[in-house]
Amino acid sequence: MSEAISKTHPLFSAAEFRRRALNQVGAPIDHAWRDHGDHLLNPDIVALAEKLKLRDAAVLVPVVDDGDEAKVIFTKRTSTLRKHSGQIAFPGGSIDPGDVSPEMAAIRETEEEIGLGGGFVETVGRLPNYLSSTGFRITPVLGVVRRGFSLRLNPIEVDDVFEVPLSFLMNPANHNRDKRVVDGIDRHFYRMPYETRMIWGITAGIVRTLYERLYA
């Protein structure tokens, strides 16, 4: 696609996000996961995760078509969940045997968690997998969401849902690096404070990968 055509869409519109998602540059998705996000910051932890028996999971990165300024939907997980309780997350979960693809799993889980129906979601690509030291191989599925939806939160899994401008997330000045000691190992991660929220951990790692693949 020519540079002239690419300039017809505002940089942080859903239309431009779709164009960039469908025309990603860099290493092929299947081989690029080590090259992005906080995987680059934690080679020892990544090597450890590779040795684990990982469960396949998928999350939806839901980019809402909101004119020139797209928004991204996030959830806040309940404090009663076994893993990643209380954290900011993308909707998603384990890939079940009946799911024919990560896209199907991500959309199914999104509808179960926040009531966003698949009829509102257009999947436009994937990001490289994210290997979690908590035992998951996560496929981030990129989706464009059209307005008109109404949300219905599953109170067992989701405390709250909110939107963040894509322009904020794709600004590297908002990507703060931090570290903490986990099991005697320094774990480096990104954190992205937005208003009263703190996006960090796996979710921030996926956001950083989105920036590196599509907007850097």
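Every value quoted in this text rests on a predicted model; they were computed, and no experiment measured them.

Criteria and cut-off values
- Residues numbered from 1 in each chain as written.
- Predicted model: local features only at pLDDT ≥ 70, side-chain atom pairs only at ≥ 80, totals over all residues.
- Heavy atoms only, no water.
- Helix = DSSP H or I, 4+ residues; strand = E, 2+ residues; numbered from the N terminus.
- Rg over C-alpha atoms; globule rule 2.2 N^0.38 Å.
- Buried < 20%, exposed > 50% of the residue type's maximum accessible area, 1.4 Å probe, protein only.
- Contact = heavy atoms within 4.5 Å.
- Areas by Shrake-Rupley, 256 points an atom, 1.4 Å probe, with all protein chains shown as cover.
- Lys, Arg positive; Asp, Glu negative; His and termini not counted.
- Charge placed at Lys NZ, Arg CZ, Asp CG, Glu CD.
- Salt bridge = Lys/Arg side-chain N within 4 Å of Asp/Glu carboxyl O.
- Phe/Tyr/Trp six-rings, centres within 6.5 Å; stacked < 30°, edge-to-face > 60°.
- Polar contact = N/O pair within 3.5 Å; in protein donor to acceptor, adjacent residues only side chain to side chain.
- pLDDT = per-residue confidence, 0-100.
- Pairing = 2+ DSSP bridges.

What follows deals with the overall build of the protein. Helices and strands together make up the secondary structure of the protein, namely six helices and eleven strands. Since a compact globule built from 216 residues should have a radius of gyration of about 17 Å, the 17 Å found for the protein is in line with a globular shape. Each principal axis of the C-alpha distribution contributes one length, and for the protein these read about 50 × 35 × 35 Å. Taken across its 216 residues, the protein has 50% of its residues classed as buried. Across the protein, the fraction of contacts at a sequence separation of at least 24, relative to all contacts at a separation of at least 6, is 66%. Surface summary for the protein: the accessible area is close to 10500 Å², and the carbon and sulfur share equals 50%. Positive and negative charge centroids in the protein, built from 27 and 29 side chains respectively, lie 3 Å apart.

The phi angle at glutamate 195 is positive, at roughly 55 degrees, despite the residue not being glycine. For glutamate 195, a relative accessible area of 70% gives the class exposed.

This paragraph deals with the pattern of salt bridges. Evaluation of the coordinates by the stated rule reveals 18 salt bridges. Close ionic contact of arginine 147 with aspartate 66 constitutes a salt bridge, the shortest N to O distance being 3.1 Å. Taken together, the residues span a long stretch of sequence, with arginine 147 in the loop between strand 7 (136-145) and strand 8 (158-165) and aspartate 66 in the loop between strand 1 (55-64) and strand 2 (71-77) at a distance of 81 residues. In this structure arginine 147 comes out as partly exposed when scored by relative accessible area, which is 35%. Look at aspartate 66 and you get partly exposed, because its relative accessible area is 30%. In this structure, glutamate 212 and arginine 208 form a salt bridge, with 2.8 Å as the shortest nitrogen-oxygen distance. In this pair, glutamate 212 and arginine 208 both sit in helix 6 (residues 201-215), four residues apart, roughly one turn of the helix. Overall, arginine 208 belongs to the buried group, its relative accessible area being 16%. Within this structure, Asp96, Asp99, Arg108, Glu109 and Glu112 form a network of salt bridges that share partners.

Applying the stated criterion across every chain, the model contains six aromatic pairs. With a centroid separation of 5.7 Å and 25 degrees between ring planes, the pair formed by phenylalanine 12 and tyrosine 215 is classed as stacked. Taken together, the residues phenylalanine 12 in the loop between helix 1 (3-6) and helix 2 (14-22) and tyrosine 215 in helix 6 connect sequence positions 203 residues apart. Just as phenylalanine 12 is buried, tyrosine 215 falls in that class too. Measuring from ring centre to ring centre gives 5.8 Å for phenylalanine 74 and phenylalanine 162, while their planes differ by 20 degrees; the resulting arrangement is stacked. Pair noted here: phenylalanine 74 is in strand 2 and phenylalanine 162 is in strand 8, with a separation of 88 residues, a long-range link. Comparing phenylalanine 74 with phenylalanine 162 shows no difference in burial state: the two are buried.

Considering the arrangement of structural elements, one finds glutamate 122 in strand 5 (residues 121-126). Between the C-alpha atoms of glutamate 122 and proline 62, which are 60 residues apart in sequence, the distance is 9.3 Å. When neighbours within four sequence positions are excluded, glutamate 122 is seen to be in contact with Arg18, Leu142, Gly143 and Val144. A distance of 2.9 Å separates a polar atom in the side chain of glutamate 122 from a polar atom in the side chain of arginine 18.

Counting all residues, the mean pLDDT for the protein is 90, and 94% of those residues have values of 70 or more. Model confidence for the protein, summarised as mean pLDDT per element, is weakest for helix 1 at 44 and strongest for helix 5 (residues 166-169) at 98. Confidence drops under a pLDDT of 50 for residues 1-5, and excluding neighbours within four residues, the segment shows one contact in the predicted structure.

Quick look at the pairing of strand 9 (residues 176-182) now. By the bridge criterion, seven bridges tie strand 9 to strand 10 (residues 185-194) in an arrangement that is antiparallel. Counterpart to lysine 179 in the pairing with strand 10 is histidine 188.

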